[in-house]
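Fold and geometry: a report
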Amino acid sequence: MSRFVLAWVCFFRILFGKKLPTEAARFLPEGEPPKQLPEKVIEKPVEKPQPPKVSVAQHHKEGALALLALLQREGRFIDFVRDPGMLDASTTDADIGAAVRAVHRGCLKVIEQYLSLEPVMPQDEEAKVSVPKGFDPSEIRLIGEAKGEAPFKGTLRHKGWRVVEAKLPTLAEGVDRMVIAPAEVELSA
Amino acid sequence: MTRILGIDLGTTNSAIATSTESEAAHAVQVTQVTGPGEIAERPTLPSFLLLPSEHEVPPAHLQLPWSGPLRYAVGTFARERGAELPHRLVSSAKSWLCNPSIDRTAQVLPFRGAQRELEKEMEGGERVSPVNASARYLAHLRAAWDDANPDEPADEQDVLVTVPASFDPVARELTVVAAREAGFDKVTLLEEPQAAFYAYLAAKGDAWRKELAPGDVVLVCDVGGGTTDFSLIEVANAEGNLALERIAVGDHILLGGDNMDLALAAIAGKQITDAGKTLDAMQQRALIHQCRRAKEQLLGDKPPKSVAISILGRGSKLVGGAIKTELTREQATSFILDGFFPVVDANATPQKRRAAGLREMGLPYAHDPAITRHLAEFLGRFGRMPTHVLFNGGVMKAAQLQARIVELLRAWAGRDVGVLAGADLDLAVALGAAHYGQVRSGKGVRIRGGTARAYYIGIESSMPAIPGFAPPVKALCVAPQGLEEGSTVELPDDELGLVVGELSNFRFFAAATRKDDPAGALIDADTQGLVELDPVEKLVEADGQRTAGDLVPVKLEAHVTEVGTLELWCVARDGNGRWKLEYSVRERE
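Computed from a predicted model, the values in this text were never measured in an experiment. (Residues numbered from 1 in each chain as written. Chains lettered and ligands numbered in written order. Predicted model: local features only at pLDDT ≥ 70, side-chain atom pairs only at ≥ 80, totals over all residues. Heavy atoms only, no water.)

1. Focus: the overall build of chain A
- Tallying secondary structure elements over chain A gives five helices and five strands in all.
- Listing each helix as α and each strand as β along chain A from the N terminus yields α-α-α-α-α-β-β-β-β-β.
- Looking at chain A as a whole, 27% of its 189 residues qualify as buried.
- Taking all contacts inside chain A whose residues are at least 6 apart in sequence as the whole, residues at least 24 apart take part in 61%.
- For chain A, the exposed area adds up to about 13700 Å²; of that, 58% sits on carbon and sulfur atoms. (Helix = DSSP H or I, 4+ residues; strand = E, 2+ residues; numbered from the N terminus. Buried < 20%, exposed > 50% of the residue type's maximum accessible area, 1.4 Å probe, protein only. Contact = heavy atoms within 4.5 Å. Areas by Shrake-Rupley, 256 points an atom, 1.4 Å probe, with all protein chains shown as cover.)

Rendered as structure tokens:
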């Protein structure tokens, strides 16, 4: 598995509360090999048989679908983005506003329930900031030409978001996640 | 080392907290089904049980980490999906547990009303008793705990289950039965208002001794989702130390925050229908949710002028389909604050509507929605005005409701009444129960109280029968008020007998305001303040020593168990046998 694929797999496994693949062990800090792993796995990661790719992809897909199902159930997210009324020029802002209020409330509830978020940079947007030496380019995206060595001076355009904790629901087996929202039939009396 | 588990078995929400000798009480999140095939933790377990058919909810959607596919669900998903399947949803099981108009061990839930009862056979579907439903909630809490703490199984810990202070001996007994059904062989009961007070003590540490002084009386005002419960706790001086005693307990009032949300939803719903729109069952449910939030905002600290309510259309098309209305600050003030918490005199009493001749069986909801009138009557009955108030229950989060009660207490008492800041209003009872476990092992101060009421059994006087008149009934005090756990009283001298081979049945009464009746006191059964409970009974079988029809002279013994239940025993005067009187839970006229 390439490092890129492994990183993605790890990301989603952590996000959905599953164990990391054994290959991830080689990226653990030195001196603290996890006790449950046999030594040889750490020494010879290449010889470890690769887990079938399809199950990895499946897992990541199921989690994403479950999150969409949650946003749809609580906040009607799919209904909203797929609503042809949003593209219809005759729809009034008041009608959109009324729908958005309810969609926002539901989606916010999901986000607050399962994720805790914080800005990557605490400063106000549009403030003058300094990007320190040794910064992580995946945390801070530089726009324009970086001249010379850090620290770099600039203006904070977007403070970024970082998930501090993700406690997404555990998913039971045997449930078709492709159905994001079931059809609803109200029975006649 | 044994852990302490405090369980708040609530009418609409249950919670669990834990502590050890060295670890302060803290709440434990409850793993539960939160959506179809979704399992997550929540701070509380909604006390709802859904019993769907396979067409309604596939069992795979209800499985838990410790189970296979299930045919039932408790908690968040049960409540949410149950709104669409009301005929499969059990709610307020705890209120049914103390409702004498039904047999609480019979499978009558989900309750379908008298008419639907006839169609029971046709409708099918699983039904449970109020005891079974309570047991399912407890069993879920136990399983969730065991799954997360396999080394400390819940049934091996010191388990406390809270009950309303107003629960009668039968409801307490049934709570213990439910706990046993859930696999908790040994539990101890604790009154909820006391638990809330323990949570205050735990939160304050030693600082409470500066806040309260001998002579102070604390009102615990607990307004939950479905019930309202009052207790008075007095601070006394015991050899230089502060001692606490629970001196009064109110009636069981079926009135709470859910009634307020429904009242606001009715107002908003009328505005919507007046505008020519209609709501279906799910939209109605969404409306109640939004009204609850509107209530908290409009009666909060800094209320907005109005709160917008918008309910989305049911189809996949959202834009243009939303139904809009708003609730104003004035509406919240006049319908909730003045409707449920009106300004009344200290001598106000709740209005009692006479029960209609043909009342459908159901929960005995309070007739008067004014919580302040129930409060005035409670305080008037015991003749004590509090110096402090401790709020509990989710409803009391609204700052203006707290302020109204404090304002009235001050007016009634003619002096200042302080507010004790307690723990989290939703979790205080579970936290307090976990703290009480520490207190029982000698760490911290214990609230004394014993039984909240005095108990009596009915004895028919031996007057000759007069046609048309029932023989007058006397009430014999068998257990005086304030009997502590683990203590026993014997009745001095009486002439009671059990007939062998026949069901002996005694009427059973309680009084909350007769502190001075000793065991053996004989009063008229129609004395004011005496409330009739379910009867107690015992069948003494004929055996080698006794033949059917014999009269066995017995004396009575009352015993308050360590668990917190009341037992009445008949002891044969000849020393050959003793029998426990059983509470009759059959339905009563």
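2. Comments concerning helix H5 (residues 93–114) of chain A
- Counted at 1.5 Å a residue, the expected span for H5(A) with its 22 residues is 32 Å, and the 31 Å between its end C-alpha atoms agrees.
- Residues Ile96(A), Ala98(A), Ala99(A), Ala102(A), Val103(A), Gly106(A), Cys107(A), Val110(A) and Tyr114(A) constitute the buried set of H5(A). (Expected span 1.5 Å × (residues − 1).)

3. A closer look at the interface of chain B and chain A
- If you look at the interface, chain B gives 28 residues, while chain A gives 31 residues.
- Contact between chain B and chain A buries roughly 2400 Å² in total, counting both sides, with carbon and sulfur atoms accounting for 50%.
- Looking at the side of chain B facing chain A, the largest losses of area belong to Glu38(B), Leu318(B) and Val319(B), adding up to 25% of the total buried there.
- Remark: the boundary between chain B and chain A carries three salt bridges.
- As a salt-bridge pair, Glu38(B) and Arg73(A) come within 3.0 Å of each other at their nearest N and O atoms.
- Scanning the region where chain B abuts chain A turns up 15 residue pairs in polar contact (both at pLDDT 80 or more).
- Residue assignment for the side of chain B that touches chain A shows that the elements contributing at least two residues are strand E4 (30–35), strand E5 (38–42), helix H10 (281–298) and strand E15 (306–311) of chain B.
- With five residues, the single largest contributor to the side of chain B that touches chain A is E5(B).
- Residue composition of the side of chain B that touches chain A, grouped by class: nine nonpolar, eleven polar and eight charged.
- Summarising the sheet, strand E5 (residues 170–171) of chain A and E5(B) pair through two bridges and their orientation is antiparallel. (Buried area = accessible area lost by both parts, 1.4 Å probe. Salt bridge = Lys/Arg side-chain N within 4 Å of Asp/Glu carboxyl O. Polar contact = N/O pair within 3.5 Å; in protein donor to acceptor, adjacent residues only side chain to side chain. Nonpolar A, V, L, I, M, F, W, Y, C, P; charged D, E, K, R; others polar. Pairing = 2+ DSSP bridges.)

4. Concerning the environment of Leu483(B)
- With respect to the secondary-structure elements, Leu483(B) resides in the loop between strand E21 (473–479) and strand E22 (488–490).
- For the pair formed by Leu483(B) and Gly450(B), sequence separation is 33 residues and the distance between their alpha carbons is 4.6 Å.

5. Here we look at the pattern of salt bridges
- For the structure on display, the rule yields 46 salt bridges over all chains.
- Across the pair Glu56(B) and Arg88(B) runs a salt bridge, and its minimum N-O distance is 2.8 Å. Taken together, the positions of Glu56(B) in the loop between strand E7 (49–50) and strand E8 (73–74) and Arg88(B) in the loop between helix H1 (76–82) and strand E9 (89–90) put the pair 32 residues apart, joining distant regions of the chain.
- A residue is classified by how much of its surface remains accessible, and Glu56(B), at 18% relative accessible area, is buried.
- Taken together, the shared-partner salt bridges in this structure form one network comprising Glu118(A), Glu139(A) and Arg162(A).

6. Some points on a nonpolar patch on the surface
- A cluster of nonpolar side chains, namely Leu117(A), Trp161(A) and Val163(A), defines an oily patch on the protein surface of about 310 Å² accessible area.
- Looking at the secondary structure, you find Val163(A) in strand E4 (residues 162–166). (Patch = residues over 30% accessible without salt bridge, like charges linked within 9 Å, V, L, I, M, F, W, Y side chains within 5 Å.)

7. Description of the sheet that holds E8(B)
Residue and element names in this part refer to chain B.
- Across the sheet, three strands lie side by side as E8-E7-E9; this open sheet has antiparallel pairing. Of all the strands in the sheet, the pair left with one neighbour each is E8 and E9.
- The pairing of E7 with E9 spans two bridges and is classified as antiparallel. Considered in E9, the bridge of Leu49 is made with Val90.

8. Points about the sheet that holds strand E19 (residues 447–448) of chain B
Residue and element names in this part refer to chain B.
- The strand order across the open sheet built from six strands is E18-E17-E12-E13-E14-E19, with neighbouring strands paired in mixed fashion. Sheet topology places strand E18 (418–420) and E19 at the edges, where each strand pairs with a single neighbour.
- For strand E13 (residues 228–238) and strand E14 (residues 241–249), the ladder comprises eight bridges, and the chain directions are antiparallel. Within the sheet, the bridge partner assigned to Val235 lies in E14 and is Leu244.
- The strands touched by helix H12 (residues 371–382) within the sheet are strand E12 (217–223), E13 and E14, with E13 carrying the most contacts at an inclination of about 35 degrees.
- Packing against the sheet, helix H13 (residues 399–413) makes contact with E12, strand E17 (388–392) and E18, and its axis sits at approximately 155 degrees to E17. (Axes fitted to C-alpha atoms, helices over the stretch in contact; angles between N-to-C directions.)

9. Some remarks on the pairing of strand E27 (residues 551–560) of chain B
All names here are of chain B.
- Both E22 and E27 contribute to a ladder of three bridges, which runs antiparallel. Pairing of Glu490 across the sheet is with Glu557, part of E27.
- Two strands pair when backbone bridges link them, and strand E23 (residues 496–499) and E27 are joined in this way by four bridges, in the antiparallel orientation. Bridging across to E27, Leu498 finds its partner in Val552.
- Inspection of the sheet shows E27 paired to strand E28 (residues 566–572) by seven bridges, in the antiparallel sense. Each residue of the ladder has a partner; that of Ala558, found in E28, is Leu568.
- Hairpin connection of E27 to E28: five residues between the antiparallel strands, including Gly564 at a positive phi of 110 degrees.

10. Describing the side chain of Gln481(B)
All names here are of chain B.
- Tracing the sequence through the fold places Gln481 in the loop between E21 and E22.
- A polar side-chain atom of Gln481 sits 3.4 Å from the main-chain carbonyl oxygen of Ala452.
- With residues near it in sequence (within four places) discarded, Gln481 still touches Ile247, Thr451, Ala452, Arg453, Ala454, Ala511, Ala512, Thr513, Arg514 and Lys515.

11. Some points on the packing of aromatic side chains
Residues and elements named next belong to chain B.
- Enumeration over the complete set of coordinates arrives at seven aromatic pairs over all chains.
- A ring pair is formed by Phe508 and Tyr583, whose centres lie 5.9 Å apart and whose planes are at 45 degrees; its orientation type is tilted. Taken as a pair, Phe508 in strand E24 (residues 503–511) and Tyr583 in strand E29 (residues 578–583) lie far apart in primary sequence, 75 residues in all. The same class applies to Phe508 as to Tyr583, namely buried.
- Put simply, the rings of Phe230, Phe378 and Phe382 pair up and form one aromatic cluster.
- The ring of Tyr72 carries the charged tip of Arg136 above its face, separated from the ring centre by 4.4 Å. (Phe/Tyr/Trp six-rings, centres within 6.5 Å; stacked < 30°, edge-to-face > 60°. Lys NZ or Arg CZ within 6 Å of the ring centre and 35° of its normal.)

12. Quick notes on the confidence of the model for chain B
Residue and element names in this part refer to chain B.
- On average, chain B scores 87 in pLDDT, and the residues at 70 or more come to 93%.
- The low-confidence segment residues 354–359, where pLDDT is below 50, has zero contacts with residues more than four positions distant or belonging to other chains.
- This prediction of the complex comes with two scores: 0.85 for pTM and 0.78 for ipTM. (pLDDT = per-residue confidence, 0-100.)

13. Overview of the packing of helix H7 (residues 192–204) of chain B against helix H14 (residues 428–440) of chain B
All names here are of chain B.
- The interhelical angle for the contact between H7 and H14, taken along N-to-C directions, is 75 degrees, at an axis separation of 7 Å. Put simply, H7 runs roughly perpendicular to H14. Contacts between H7 and H14 involve Glu192, Ala195, Tyr198, Ala199, Leu201 and Ala202 from the first element and Ala428, Val429, Leu431, Gly432, Ala433, His435, Tyr436 and Val439 from the second.
- The residue makeup of the contact of H7 with H14, split by class, is eleven nonpolar, two polar and one charged. (Parallel < 35°, antiparallel > 145°, perpendicular 65-115°, else oblique.)

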